[in-house]
Amino acid sequence: DARVTQTPRDKVTEMGQEVTMRCQPILGHNTVFWYRQTMMQGLELLAYFRNRAPLDDSGMPKDRFSAEMPDATLATLKIQPSEPRDSAVYFCASGHGLAGTDTQYFGPGTRLTVL
Amino acid sequence: QKEVEQDPGPLSVPEGAIVSLNCTYSNSAFQYFMWYRQYSRKGPELLMYTYSSGNKEDGRFTAQVDKSSKYISLFIRDSQPSDSATYLCAMSLIKAAGNKLTFGGGTRVLVKP
């Protein structure tokens, strides 16, 4: 049963620390998305990649967030330095970048708490 | 104002009742409309998608799209406690899992036995 995996599942850190979240997309999917979910803002798209190249990162605070795909099996989202307002659940999703397909598969999320 | 609006709920119904959920949107260019279900501490999973205006039925679930009113709905018949979750609507300009979705804030549903 193919699925998106994310690590860590939970992360508690102190303000100012670096946080790295990792995602393994489903094998064969060429598009990877990073979302952030909070009670106030709901699910927001931060950035997405196709064939490992960034397509859109306009939803991401550029000064502290960075997203990369070192290879086709790994996507990372880094926050440096972290702030309490970054506390949220961060989801990775993957899908086929082909017209006619309809499903983005979400991972279980990383619950980040910044104290 | 957000592009996609959704009542956060919670919506509480007795088991067996019909659950009615809806979203309104402002961007008339949206063509594909989806409903995701999200259980507590899980990622969203796709329930249904529809293209343009019309109805689509899948088991106990019916999705409706009215593009003239910029309004979409999801109905759950014979609701079960296992339907208790947050339901998010999502929309995109084109049909491709590799394209960005715009989500509503989600409606929390509680089906009581």
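Our subject is the structure listed above.
Let me sum up the structure you'll find in this document. (Residues numbered from 1 in each chain as written. Chains lettered and ligands numbered in written order. Predicted model: local features only at pLDDT ≥ 70, side-chain atom pairs only at ≥ 80, totals over all residues. Heavy atoms only, no water.)

### Observations regarding the pattern of salt bridges
As a reminder of what qualifies: Just to be clear on terms, a salt bridge is a Lys or Arg side-chain nitrogen sitting within 4 Å of an Asp or Glu carboxyl oxygen. A run of H or I in DSSP counts as a helix once it spans at least four residues, and a run of E counts as a strand once it spans at least two, with each numbered from the N terminus.
Applying the stated criterion to the full structure yields ten salt bridges over all chains. A salt bridge links D57(A) to K62(A), with the nearest nitrogen and oxygen atoms 3.6 Å apart. The partner of R77(B) in a salt bridge is E57(B), with the nearest N and O atoms 3.4 Å apart. Remark: E57(B) occurs in strand β6 (residues 54-58) and R77(B) occurs in the loop between β8 (71-76) and β9 (85-92); sequence separation between them is 20 residues. Taken together, the shared-partner salt bridges connect R64(A), E83(A), R85(A) and D86(A) into one network.

### Some remarks on the sheet that holds strand β7 (residues 65-71) of chain A
Two modes of strand pairing occur in sheets, parallel and antiparallel, and in both the strands are linked by backbone hydrogen bonds. Residues and elements named next belong to chain A. Convention followed: Each pair of strands is called paired provided DSSP finds at least two bridges between the two strands. The angle between two axes is taken between their N-to-C directions and runs from 0 to 180 degrees, where each axis is a line fitted to C-alpha atoms and a helix contributes only its stretch in contact.
Overall, antiparallel pairing links the four strands, which are arranged β1-β3-β8-β7 in an open sheet. A single partner strand is all that each edge strand has here, and the edge strands are β1 (5-7) and β7. Averaged over all pairs of adjacent strands, the angle between strand axes in this sheet comes to 20°, irrespective of strand direction. Pairing of β7 with strand β8 (residues 74-79) involves five bridges; the strand directions are antiparallel. In the strand pairing of β8, E68 is matched with T76.

### Section: the state of the cysteines
By definition, a disulfide links two cysteine residues through a covalent bond between their sulfur atoms. The test is simple: Defined by distance alone, a disulfide is two cysteine sulfur atoms within 2.5 Å. For every residue, the accessible area (1.4 Å probe, protein chains only) is compared with the maximum for its type, and the residue is labelled buried under 20%, exposed over 50%, or partly exposed between those bounds.
All told, the structure shown has two disulfides over all chains when counted by the stated rule. With its sulfur 1.9 Å from that of its partner, C23(A) forms a disulfide with C92(A). Between C23(A) and C92(A) the sulfur-sulfur dihedral comes to about -55°; the bridge is accordingly left-handed. Of this pair, C23(A) sits in strand β3 (residues 19-24) while C92(A) is found in strand β9 (residues 88-95), placing the two residues 69 residues apart along the sequence. Each member of the pair, C23(A) as well as C92(A), carries the same accessibility label: buried. Sulfur-sulfur distance for the disulfide between C23(B) and C89(B) comes to 2.0 Å. Its S-S torsion of approximately -105° makes the covalent link between C23(B) and C89(B) left-handed. Highlighted residues: C23(B) in strand β3 (residues 19-25) and C89(B) in strand β9, separated in sequence by 66 residues. For C23(B), a relative accessible area of 0% gives the class buried.

### Some remarks on the pairing of strand β11 (residues 110-114) of chain A
In the case of a regular strand, side chains alternate between the two sheet surfaces. Residue and element names in this part refer to chain A. What you see with β11 is a clean split: T110, L112 and V114 sit on the buried side and R111 and T113 on the side with no burial. With four bridges connecting them, strand β2 (residues 10-13) and β11 associate as parallel partners. When the bridges of β11 are listed, V12 appears paired with T113. As judged from the three bridges shared by β9 and β11, these two strands associate in the antiparallel manner.

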